[in-house]
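# Chain and residue survey
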There are 2 protein chains.
Amino acid sequence: MQSQSPSSRPAARFFLGIVSAAALLSMGSAGAQEPVQPIVPHKVTNPAQVTLGKKLWFDPRLSRSGFISCNSCHNLSMGGSDNLKTSIGDKWQKGPINSPTVLNSSLNLAQFWDGRAKDLKEQAGGPIANPGEMAFSHDLAVDMLRSIPQYVAEFKRVFGHDKLTIDEVTAAIAAFEETLVTPNARFDQWLKGDKKAITAQELRGYQLFKTSGCVACHNGPNLGGNSFQKMGLVEAYKTDNPAEGRSAVTGNDAERFNFKVPTLRNVELTYPYFHDGAADTLAEAVDTMGRIQLGKKFTAQENADIVAFLKTLTGDQPRISLPILPPSSDATKRPQPFD
Amino acid sequence: MQSQSPSSRPAARFFLGIVSAAALLSMGSAGAQEPVQPIVPHKVTNPAQVTLGKKLWFDPRLSRSGFISCNSCHNLSMGGSDNLKTSIGDKWQKGPINSPTVLNSSLNLAQFWDGRAKDLKEQAGGPIANPGEMAFSHDLAVDMLRSIPQYVAEFKRVFGHDKLTIDEVTAAIAAFEETLVTPNARFDQWLKGDKKAITAQELRGYQLFKTSGCVACHNGPNLGGNSFQKMGLVEAYKTDNPAEGRSAVTGNDAERFNFKVPTLRNVELTYPYFHDGAADTLAEAVDTMGRIQLGKKFTAQENADIVAFLKTLTGDQPRISLPILPPSSDATKRPQPFD
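If you're wondering where the values come from, they're calculated on a predicted model, not measured in any experiment.

With that settled, the discussion passes to unusual backbone geometry. Residues and elements named next belong to chain A. Cis geometry is found at the peptide bond from Tyr271 to Pro272, where omega equals -10 degrees. Note that Pro272 resides in the loop between strand S4 (258-260) and helix H11 (282-294). Backbone geometry at Trp92 places phi at a positive 70 degrees, although glycine is not the residue there. A positive phi is found at Asn184, a non-glycine position, where the angle reads about 70 degrees.

In structure tokens, the structure reads:
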């Protein structure tokens, strides 16, 4: 992935998506040729690193306030999102954009709505140091961890050396995030041949999802996450949100309002929708997408069918046992959330 | 518990504590006569109610912002506390008092530092409606839950009727909280006869804890939680914190600065200490307590011994599998954290 130019990919993928969608429009039954593939369960290769990453994921001491952890905005009880239009940051700052779900995010071609991080490891360092989010710094986060003997010992055990830098921190968090996939959705059962796994209405919704062109962008195992696309292709999208999308990363004005296509996996759980969180419900999101991306006004029945299909994409949620965090030592600097 | 007058209990308990402590000062070994008893594991009688209570415990939709859950300030990854001097409430308001641990709180004679709630059920309704904490109302919380079909069905299954009021909500949360006990601390193993469970230094610390009088207030299975005592008995406690303690509940000025004695169970995890969170470390807390409650200046060695003993009180932390929360329906009112 890293060897390809991100800016050259979206267009290629877009047309590829259209082509494969078109090729498959006539298919009505489950099979290897569907434009959507089942989620493959994750195989953990380094369980100790995942265990450490899970602690860091839940540790609010990685924020300036000692109050905000990764899980605050990517809540694993709520589809890996916070179900808010935009997130709440340090000192209750209003976040600039809707928190994307962490679930299945390892399948994305890049991270953040604008793809500015090439992978989960690079992404993990972002919020920690973002003054509007966790508002800490990498140095302070590392200082905190180094002041806690149990963390120091665990990093050494996991990485086999004494170095404890932001590199090890983000590597461990990413290793945990990679486990957060959601296989076994009813739709995946259907894809694998269990014809009774979804209802007639849900199947109708899927057919419509394909024939209407939704699948041009929302395809692959993650039903999205594999290309950048313009928000407002047929009709301009009206929003107060100032996010510019891909052009802010590439400097290419042609990519203005191009955002990473969000996954539709577990979309029932990850409301509200769009980069500005403007759509509260799936019905609203489907209606808006039909209009501004496809130039199509879905009837109430069509909308309901597609929504029914989308709800078959909720997979097995990761089973997380809450970690017990090692306590701060006397030397650990105490958070001062109100200073 | 409810049939006794809360205001008459503290004094009685205080003298009882002194008497029993005095009677036991000469005892050096583990046995039935120790002023501290092991934590008894909790037996769940209604698992369905506990499961529902756990969901509510982790559900931030019980707050106005959709961001703050019970677990935000009583974090089960961090000894059931938030490890902040005072908590962060709605819109980042500074809380008035240190969040006490939820662990073993079912053993307390009353809830909150000033004991204004007679039990966990009564306590659970407090933060939800407190404008400085979760800033919601009982009616809005119940409206939220009633808008979610899975919650409605689960409440009906658990309680056997269609009524979904704040009574059922707080009963379920309390049922979950009752499970949050921490048996099997090394000190409990020692109490049960395993002489090797604690070190010579830790045993010295315990002896000193008894002979110095700490045990007069910190006794019973929870090493506290069973009486109200004046903060600053021998020497006035200096603090900017305006909390008045028990007198704010009883109206009895003689009970000014009387607070519920905090449990010392898991105290290694529940820093910072005191109702104002002023003591960052156990060493500092032990020193202050010695001076202002006992008129005693512990030597560095004595302090270290007591701290070593206190760290033997960390029990098995509750094993919590993170609940998956039922998603909001289209009818659920969306939180507006920035309005």
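The subject of this paragraph is the packing of H11 of chain A against helix H12 (residues 300-310) of chain A. Two quantities define a packed helix pair, namely the angle between the axes and the distance from one axis to the other. Residues and elements named next belong to chain A. Two numbers describe how H11 lies on H12: the axes approach to 9 Å, and their chain directions differ by 115 degrees. Classified by chirality, the crossing of H12 by H11 is right-handed. Every residue of H12 that contacts H11 at Leu282, Ala283, Val286 and Asp287 is listed here: Asn303, Ile306, Val307 and Leu310.

A few words now on helix H7 (residues 166-178) of chain A. Residue and element names in this part refer to chain A. The first and last C-alpha atoms of H7 sit 18 Å apart over 13 residues, in line with the 18 Å expected at 1.5 Å per residue. With respect to burial, H7 is a largely interior element, 11 of its 13 residues being buried. Elements in contact with the buried residues of H7: helix H2 (47-58), helix H3 (70-73), helix H4 (120-129), helix H5 (138-146) and helix H6 (149-159).

Close approach of charged atoms allows side chains of opposite charge to pair. Taken as a whole and judged by the stated rule, the model has 34 salt bridges over all chains. Note that Lys118 of chain A is salt-bridged to Glu122 of chain A, the shortest N-O span being 3.6 Å. For Lys118 of chain A, a relative accessible area of 43% gives the class partly exposed. With relative accessibility at 39%, the residue Glu122 of chain A sits in the partly exposed group. Put simply, Asp59 of chain B and Arg61 of chain B hold a salt bridge, and the shortest N to O gap is 2.8 Å. When salt bridges that share partners are traced, they join Glu235, Asp287, Arg291 and Lys297 of chain A into one network.

The next thing to look at is the packing of helix H9 (residues 200-211) of chain B against helix H12 (residues 300-310) of chain B. Residues and elements named next belong to chain B. Closest axis-to-axis distance for the H9/H12 pair is 7 Å, and the angle between their directions is 100 degrees. One element, H9, and the other, H12, form an angle in the roughly perpendicular class. Of the residues in H12, those in contact with Gln201, Glu202, Arg204, Gly205, Tyr206, Leu208 and Phe209 of H9 are Gln301, Glu302, Ala304, Asp305, Ile306, Ala308, Phe309 and Leu310. Within the contact of H9 with H12, the residues separate by chemical class into eight nonpolar, three polar and four charged.

Attention shifts here to the nonpolar core. One finds Leu56 and Leu76 of chain A together with Leu56 and Leu76 of chain B to be the most contacted residues of the largest nonpolar core, which totals 78 residues. Excluding its chain neighbours within four sequence positions, the residues that come into contact with Leu76 of chain B are Leu322 and Ile324 of chain A together with Trp57, Phe58, Asn71, Val102, Leu103, Phe176, Leu180 and Ile320 of chain B.

Residue and element names in this part refer to chain A. In the numbering used here, UniProt assigns the feature "binding site: heme c 1" (unreviewed entry) to Cys70, Cys73 and His74. Here Cys73 is to be found in helix H3. The buried category is assigned to Cys73, whose relative accessible area is 13%. In this view, Cys73 contacts Gly80, Ser81, Asp82, Ser87, Ile88 and Ser99; residues no more than four positions away in its chain are not counted. Of note, His74 is situated in the loop between H3 and strand S1 (88-89). Looking at His74, the relative accessible area reads 16%, which means it is buried. Apart from the residues within four sequence positions on either side, His74 is in contact with Trp57, Gly80, Ser81, Ser99, Pro100 and Val102.

On to the packing of aromatic side chains, then. In this description, a pair of aromatic rings is defined by centroid distance and the angle of the planes. Counted by the stated rule, this structure contains 24 aromatic pairs over all chains. Arranged with centres 6.1 Å apart and planes meeting at 15 degrees, the rings of Phe155 of chain A and Phe159 of chain A form a pair that is stacked. Taken as a pair, Phe155 of chain A and Phe159 of chain A lie in helix H6 at a separation of four residues, close to a single helical turn. When its relative accessible area of 1% is taken as the criterion, Phe155 of chain A is described as buried. Classification of Phe159 of chain A as partly exposed rests on a relative accessible area of 21%. One aromatic cluster is present, formed by Phe187, Trp190, Tyr206, Phe209 and Phe309 of chain A through successive ring pairs. The residue whose ring lies beneath Arg246 of chain B is Phe228 of chain B, and the NZ or CZ to ring-centre distance is 4.2 Å.

In summary, the two copies of the chain are related to each other by a rotation about an axis coupled with a shift along it. Once turned by 180 degrees and shifted 0.0 Å along the axis, chain A lies on chain B with an RMSD of 0.0 Å. Given the turn and translation reported, the copies of this chain are related as if by a two-fold rotation axis. Of the C-alpha atoms belonging to chain A, the one lying closest to the rotation axis is found on Ser321 of chain A, 2.1 Å away.

A few words on the interface of chain A and chain B. With 44 residues of chain A at the contact, the number on the chain B side is 44 residues. Carbon and sulfur atoms supply 70% of the area buried between chain A and chain B, which totals about 3,800 Å² over both sides. The largest share of the area that chain A buries against chain B comes from Phe67, Trp92 and Phe338 of chain A, three residues that together contribute 22% of it. Seen at the junction of chain A and chain B, the total is zero salt bridges. Seen at the junction of chain A and chain B, the total is 14 residue pairs in polar contact (both at pLDDT 80 or more). Elements represented by at least two residues in the side of chain A that touches chain B include exactly S1 and strand S2 (93-94) of chain A. Grouping the constituent residues of the side of chain A that touches chain B by class yields 21 nonpolar, 14 polar and nine charged.

Take the domain arrangement of chain A next. Residues and elements named next belong to chain A. Here the domain parsing of chain A yields domain 1 (6-35 + 185-313) and domain 2 (47-178). For domain 1 versus domain 2, the distance between C-alpha centres works out to 28 Å. Residue-level contacts link 28 residues of domain 1 with 23 residues of domain 2. Overall, the association of domain 1 and domain 2 removes approximately 2,000 Å² of surface from exposure, summing both partners, and the carbon and sulfur fraction of that is 57%. Among the residues domain 1 hides against domain 2, the three largest losses belong to Asn222, Lys260 and His275. Together they make up 25% of the total.

So, how was this worked out
- Residues numbered from 1 in each chain as written.
- Chains lettered and ligands numbered in written order.
- Predicted model: local features only at pLDDT ≥ 70, side-chain atom pairs only at ≥ 80, totals over all residues.
- Heavy atoms only, no water.
- Helix = DSSP H or I, 4+ residues; strand = E, 2+ residues; numbered from the N terminus.
- Axes fitted to C-alpha atoms, helices over the stretch in contact; angles between N-to-C directions.
- Left-handed = near helix turned anticlockwise from the far one by under 90°.
- Contact = heavy atoms within 4.5 Å.
- Expected span 1.5 Å × (residues − 1).
- Buried < 20%, exposed > 50% of the residue type's maximum accessible area, 1.4 Å probe, protein only.
- Salt bridge = Lys/Arg side-chain N within 4 Å of Asp/Glu carboxyl O.
- Parallel < 35°, antiparallel > 145°, perpendicular 65-115°, else oblique.
- Nonpolar A, V, L, I, M, F, W, Y, C, P; charged D, E, K, R; others polar.
- Core = buried A, V, L, I, M, F, W, Y, C linked by side-chain atoms within 4.5 Å.
- UniProt positions renumbered as here; feature names shortened; annotations may be inferred.
- Phe/Tyr/Trp six-rings, centres within 6.5 Å; stacked < 30°, edge-to-face > 60°.
- Lys NZ or Arg CZ within 6 Å of the ring centre and 35° of its normal.
- Least-squares fit on C-alpha atoms with pLDDT ≥ 70 in both.
- Buried area = accessible area lost by both parts, 1.4 Å probe.
- Polar contact = N/O pair within 3.5 Å; in protein donor to acceptor, adjacent residues only side chain to side chain.
- Domains from an automatic or database assignment.

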